[in-house]
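Next come the chains, spelled out residue by residue.
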Amino acid sequence: MDAKARNCLLQHREALEKDIKTSYIMDRMINDGVLTISEEEKVKNEPTQQQRAALLIKMILKKDNYSYISFYNALIHEGYKDLAALLHGGIPVISSSNGGKDSVSGITSYVRTVLCEGGVPQRPVVFVTRKKLVNAIQQNLIKLNGESGWVIIYGMAGCGKSVLAAETVRDHSFLDGCFPGGVHWVSVGKQDKSGLLMKLQNLCARLDQDESFSQRLPLNIEEAKDRLRILMLRKHPRSLLILDDVWDPWVLKAFDNQCQILITTRDKSVTDSVMGPKYVVSVESGLGKEKGLEILSLFVNMKKADLPEQAHSIIKECKGSPLVVSLIGALLRDFPNRWDYYLRQLQNKQFKRIRKSSSYDYEALDEAMSISVEMLREDIKDYYTDLSILQKDVKVPTKVLCILWDMETEEVEDILQEFVNKSLLFCDRNGKSFCYYLHDLQVDFLIEKNRNQLQDLHKKLITQFQRYYQPHTLSPDQEDCMYWYNFLAYHMASANMHKELCALMFSLDWIKAKTELVGPAHLIHEFVEYRHILDEKDCAVCENFQEFLSLNGHLLGRQPFPNIVQLGLCEPETSEVYQQAKLQAKQEVDNGMLYLEWINKKNNKNLSRLVVRPHTDAVYHACFSEDGQRIASCGVDKTLQVFKAETGEKLLEIKAHDDEVLCCAFSADDRFIATCSVDKKVKIWNSMTGELVRTYDEHSEQVNCCHFTNKSHNLLLATASSDSFLKLWDLNQKECRNTMFGHTNSVSHCRFSPDDKLLASCSADGTLKLFDIHASDLLAEIHTGHHSTIQYCDFSPQNHLAVVALSQCCVELWNMDSCLKVADCRGHLSWVHCVMFSPDGSSFLTSSDDQTIRLWETKKVCENSAIVLKQEIDVVFQENEVMVLAVDNIRHLQLINGKTGQIDYLTEAQVSCCCLSPHLQYIAFGGEDGAIEILELLNNRIFQSRIGHKKTVRHIQFTDDGKTLISSSDDSSIQVWNWQSEEYVFLQAHQETVKDFKLLKNSRLLSWSFDGTVKVWSIITGRIEKDFVCHQDTVLSCDITPDATKFSSTSADKTAKIWSFELLSPLHELRGHKGCVRCSAFSVDSTLLATGDDNGEIRIWNVSNGELLHLCAPILIEEGAATHGGWVTDLCFSPDSKMLVSAGGYLKWWNVDTGESSQTFYTNGTNLKKIHVSPDFKTYVTVDNLGILYILQMLE
């Protein structure tokens, strides 16, 4: 498709998606031969009118010029003449070989399309070229030669860096030759981590519009960085990333992933911390005199030579700032006779700033802004004042201002266009709709000028918002939706509307609506940011919501979005989250919604002993003193904090450095604490008084780590820095004692060996090195590679435990002897930076971006996680009772009352499987040694089978009268034991291990095996009555119809079959599964069969004819996340055959009539093996792979 046509379609996409009905339009396009029947079907399958329109337009964008013309004609014929008029300007001329050159601007339609799709800002109202600088930037980008690297446009605020960056890529041959993959613009500005994540999420969404890589947004900066790398590498190779207005070095690390990057910044040192070649283009702080005069001449429509003398003086007073010159030029365009007046106003300098900035001389801008605002028409001055509440680097949709001013879109756009014409505001027409933004310096001016009104202005916006919307009813298809989700809480806090802010943040509806769109990270940040306000209402409620977000953050970013009410029902019953969820659930249950209560959830305990919040921002490091009595911590807020380990009582607070403090360490004798920082300094403090003892300033980059020797005599400190060096310091000397060379990139950690003779270090160069500290020699080197999900780990000094901080919020405890995980330590709301055991190993601490340090008792964590259930359980449902027989990992048989939680410990044994008798009089269990025993519950009498199995017993079951016990084993046999008469019958014919068996009526039994056969036996005679050769591969499951006429078999050969007991060939062979078919279940009325496979897919079949009725859609596997299993392991129909429950990675309930999911219950672990269901289909029991028992009850 011609680029001009494509651009026109992109520009008007939103209007088209909102209004068109696709069916008749598609009919005409099919008649024209530009759309296929299968494409029409895909569009029709979309659930809403708007989604159907969106898919049709996406298809047209991938087609040719004829498709555009056919679509245009269809719009006219179907009565959409106003929409067709929008596309008229883009109609391609089929016969023409025109290159598409735009006669007005000299920009081809190809360039316009690329820049439009990449979000590059448009030219200002009046524009002058600065060819020399543009050429310099282009030449430096060419030097990158397609390889990753950086070009930095550096200059003072307001010098036109952004305009130059945009102009650099407004060139057809340059774009086509150097960046055929496109250009992607990100307005960065001054950001915290949450703001940066939002920018990255928006960029990833733009780069992956067809969601071919992922259906959900990245949930944290690390994930976003990785997603961006893949998208740039695979979907947008040879493209240019432009980062506009970068302030902080740490921001660039998120984009440092083998891309070609152009950045604009006021500080050229921001790229010091990133890898790759760098080229700097310096932009002089002001325009040259001639360029300044050229801008004025364009505004007033005069030749440069004809400008009055005052023009030269005005340029001098403007100090060459393009922004200031444009402001004055816009005034002169309206009042061409006021040259003298505006010159005098600039010279008078009447606007006085309360707060000066050392980085920029504001006077010229302030005067120009002040004059421009004064000269606005009286009826629109107040509207400009209202813009004081806009944030820097945020583009605001027109609709937001329509709500603020209670006006129609056209009225608002007319007012804003006046501001744009006067260079008081900037408009971005790219993308779906009009967005407006201020230059950073204009925001500063407005805040300064209207400081006393700001609270009221924010309040006005919130009041207007409340007139139009309920927060949680915002729809994603509204152009202003994302703005409110991102900034509503900010405006409420700025308006001092504490009550409204608490109502918003403590609302399950708001949490659902916001996390569904952008994931939980930004919301968690807001809880931390506004903690001081939220705590005023109720700090316990605030904790409830933070904890809820923390524990469910990994779910709240996935697609399809989980039911947040169901997640809330899993919270403790005292939690505000649970109470809100219960209230909503009860209302929705009345309307036919399904919800589950986890009735035994109180057995899950919170394991952290102490939570302290000593810092106002992320905690980068925390450590115990050698005596274990104190904890020191440091972080983003530049302070060193010391507090008591037992109570959290603060002992010291020191403003330690001029920048973020990255690490701290106690000396072996506890007299000193060392700190190191982004400010490149290392400092030594008296740990009792807080007095500064020493400052070392010899590293040339940030210092990442500091560590003292383990013994106090000959006390040394090692430091590791981004300058790639390690240094050793003697506290008695003022200068560095040794420097260790060898790393080629930033050194992140260092540690002394227990005997203090060696120093180990690890680096971003992918190596771990070992140095002799006395000779400074490199002794050994290990290449570790660059990628690891482990952030930090520490080993217990007293036992074989290691505590590990993983990506996101995860902390795990591992036993190093068995290489098994001991516990998950949940609770942090954000990235965990540091973990450390106390000197005696009795406790360990974790520190996080969520501003907290958590203290955990090692023994308590181990004990609570030590006794876990195995997944082989048996359940008996009796009237109102649920009795669970389970085996734990320390060989105890437990009988658990599901309703009361009471546990009876029955006996110790090497149990591999167990079962309960129907009337709860006996239990039976089989062992790994093949032994079988029965325990009488009334008097603890034990009966033991004389003839056990030769190998591990896998399944065991009583007959209905409880007098006979049947067992199967790895030895391929089935034993029938009448344990009261001591009679035995052996069923031996399977050639391989028996997978399982089911009892039939009339003393018959059905068994299936790895040998591919299914056999029917008489358990009285031991003879085979029927022998079915079912599959070439293992038979994984069988089920029997309730009328006992048919059975199913499923296999690793990816098929399922339906059999009659009367025939040796199958009635139906069911094909279509793409993985092993692991389970099957008949409906109670024997008309339906459900089958589940290893890809998470469930199929529902008609038993009488073998037709597929429904495909219960699997959940796509994203980046290794647990889906419906991978494997579906168990299935069960409801008594009325209208509902189906399935087990896999978690539990799911399905509507059998539609094949759609009714509810999902996410267990803490995954890989569920079986689901036990009560006869009334209201109670469900399972155990996950962490050994957690779930007894769920349908909410009524």
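The numbering scheme is per chain: residues are counted from 1 as the chain's sequence reads. This being a predicted model, a pLDDT of at least 70 is required before a residue's local features are given, and a value of 80 or more before pairs of side-chain atoms are given or counted; all residues contribute to the totals for chains, interfaces and linings. The side-chain figures draw on all heavy atoms in the structure; neither hydrogens nor water molecules are used.

**Some points on the pairing of strand β52 (residues 1056-1060)**
- Remark: exposure states derive from per-residue accessible area (1.4 Å probe, protein chains only) relative to the maximum for the residue type, with buried under 20%, exposed over 50%, and partly exposed in between. A run of H or I in DSSP becomes a helix once it reaches four residues, and a run of E becomes a strand once it reaches two; helices and strands are each numbered from the N terminus. Along β52, five of the five residues are buried, which leaves the element largely enclosed by surrounding structure.
- Burial along β52 is two-sided: Ala1056, Ile1058 and Ser1060 and Lys1057 and Trp1059, pointing in opposite directions, are all buried.
- Think of it this way: DSSP has to see at least two bridges between two strands before they count as a pair. Pairing geometry for strand β51 (residues 1046-1051) and β52, over five bridges, is antiparallel. Along β52, the bridge assignment pairs lysine 1046 with serine 1060.
- Turn length for the β51-β52 hairpin, with the two strands adjacent in sequence and antiparallel, is four residues, and the turn residue lysine 1054 shows positive phi of about 75°.
- Strand direction decides the pairing type here: β52 and strand β53 (residues 1068-1070), joined by three bridges, are antiparallel.

**Focus on empty space enclosed by the protein**
- Grid points spaced at 1 Å and placed over the protein atoms alone form the basis of the search, with a cavity being a set where a 1.4 Å probe fits but cannot get out and a pocket an open set showing protein on both sides within 12 Å along at least five of seven lines. Lining residues have an atom within 4 Å of a point. Grid points are joined across faces, edges and corners, and a volume is the space filled by probe spheres set on the points. A full pass over the atoms with the stated rule returns four cavities of 30 Å³ or more.
- Computed from the structure, the second largest cavity encloses a volume of approximately 40 Å³.
- If you trace the second largest cavity, you find it lined by Asp386, Leu387, Ile389, Leu390, Val400, Leu401, Leu404, Leu461 and Tyr483.
- Looking at which element gives the most residues to the lining of the second largest cavity, the answer is helix α21 (residues 398-405), with three residues.
- Tallied by class, residues from the lining of the second largest cavity come to eight nonpolar, no polar and one charged. Side-chain classes are defined by residue name, with Ala, Val, Leu, Ile, Met, Phe, Trp, Tyr, Cys and Pro counting as nonpolar, Asp, Glu, Lys and Arg as charged, and the others, Gly among them, as polar.

**Focus on the sheet that holds strand β64 (residues 1189-1194)**
- A sheet is described by the order of its strands in space; here four strands give the open sequence β9-β64-β63-β62, paired in antiparallel fashion. Either end of the sheet is taken by a strand with one partner, and the two such strands are β9 (596-598) and β62 (1172-1173).
- Where strand β63 (residues 1179-1183) meets β64, five bridges bridge the pair, whose relative direction is antiparallel. Residue pairing across strands places tyrosine 1180 opposite leucine 1192, the latter belonging to β64.

**Description of the domain arrangement of the protein chain**
- Domain limits in this description derive from either an automatic procedure or a database domain assignment. Taken as a whole, the protein chain is organised into domain 1 (3-88), domain 2 (109-282) and domain 3 (289-365).
- When each unit is reduced to the centre of its C-alpha atoms, the spacing between domain 1 and domain 2 is 32 Å.
- Listed as interface residues are seven residues of domain 1 and, on the opposing side, eight residues of domain 2.
- Summed over both partners, the interface of domain 1 with domain 2 comes to about 620 Å²; 52% of that surface belongs to carbon and sulfur atoms.
- Definition used for salt bridges: Asp or Glu carboxyl oxygen within 4 Å of a side-chain nitrogen of Lys or Arg. Inspection of the region where domain 1 meets domain 2 yields zero salt bridges.
- Counting residues per element, the side of domain 1 that touches domain 2 draws most heavily on helix α1 (residues 3-11), which supplies five residues.
- A breakdown of the residues in the side of domain 1 that touches domain 2 according to their chemical character gives two nonpolar, one polar and four charged. Whether two residues are in contact is decided by their heavy atoms: any pair within 4.5 Å suffices. Buried area is calculated as the accessible area (1.4 Å probe) missing from two parts once they are joined, with the contributions of both summed.

**Remarks on the nonpolar core**
- We define a nonpolar core as any set of buried Ala, Val, Leu, Ile, Met, Phe, Trp, Tyr and Cys residues linked to one another through side-chain atoms lying within 4.5 Å. Core analysis: the largest hydrophobic core is formed by 116 residues, its most contacted members being Tyr384, Leu387, Phe419 and Trp484.
- Among the elements that take part in this core, helix α25 (residues 481-494) stands out by supplying nine residues, more than any other.
- A domain-level breakdown of this core finds at least three residues from each of domain 2 (109-282) and domain 3 (289-365).
- In contact with phenylalanine 419, not counting residues within four places along its chain, are Leu376, Ile380, Tyr383, Tyr384, Leu387, Leu424 and Leu425.

**Considerations on the UniProt feature "binding site: ATP" (unreviewed entry) in the protein chain**
- As annotated in UniProt, the feature "binding site: ATP" (unreviewed entry) corresponds to Gly155, Met156, Ala157, Gly158, Cys159, Gly160, Lys161, Ser162 and Arg266 in the numbering used here. Spatially, the listed residues are clustered: although they cover 112 residues, their C-alpha atoms lie within 11.5 Å of one another.
- The buried category is assigned to glycine 155, whose relative accessible area is 4%.
- Each residue touching glycine 155, except ones within four places of it in the same chain, is listed here: Lys161, Thr265, Arg266 and Val283.
- Positionally, cysteine 159 belongs in the loop between β1 (149-154) and α10 (161-168). UniProt positions are given in the numbering used here, feature names are shortened, and annotations may be inferred rather than shown by experiment.

**Section: unusual backbone geometry**
- Of note in the backbone geometry, arginine 238 takes a positive phi value of approximately 55° without being a glycine.
- Relative to the elements of secondary structure, arginine 238 occurs in the loop between α13 (221-235) and β3 (240-246).
- A positive phi angle is found at serine 423, which is not glycine, with a value near 60°.
- Locating serine 423 in the fold gives a position in the loop between α22 (409-421) and β7 (426-428).

**Regarding the packing of aromatic side chains**
- Aromatic pairing here means that ring centres of Phe, Tyr or Trp (its six-membered ring) are within 6.5 Å. Orientation follows from the plane angle: under 30 degrees is stacked, over 60 is edge-to-face, and everything else is tilted. In this structure the tally under the stated criterion is 31 aromatic pairs.
- Judged by centre distance (4.9 Å) and plane angle (70°), the ring pair of phenylalanine 1028 and phenylalanine 1047 falls under edge-to-face. Taken together, the residues span a long stretch of sequence, with phenylalanine 1028 in strand β49 (residues 1024-1029) and phenylalanine 1047 in strand β51 at a distance of 19 residues. The exposure classification of phenylalanine 1028 matches that of phenylalanine 1047, with both residues buried.
- Look at phenylalanine 1161 and tyrosine 1190: their rings are 5.9 Å apart centre to centre, the planes differ by 75°, and that puts the pair in the edge-to-face class.

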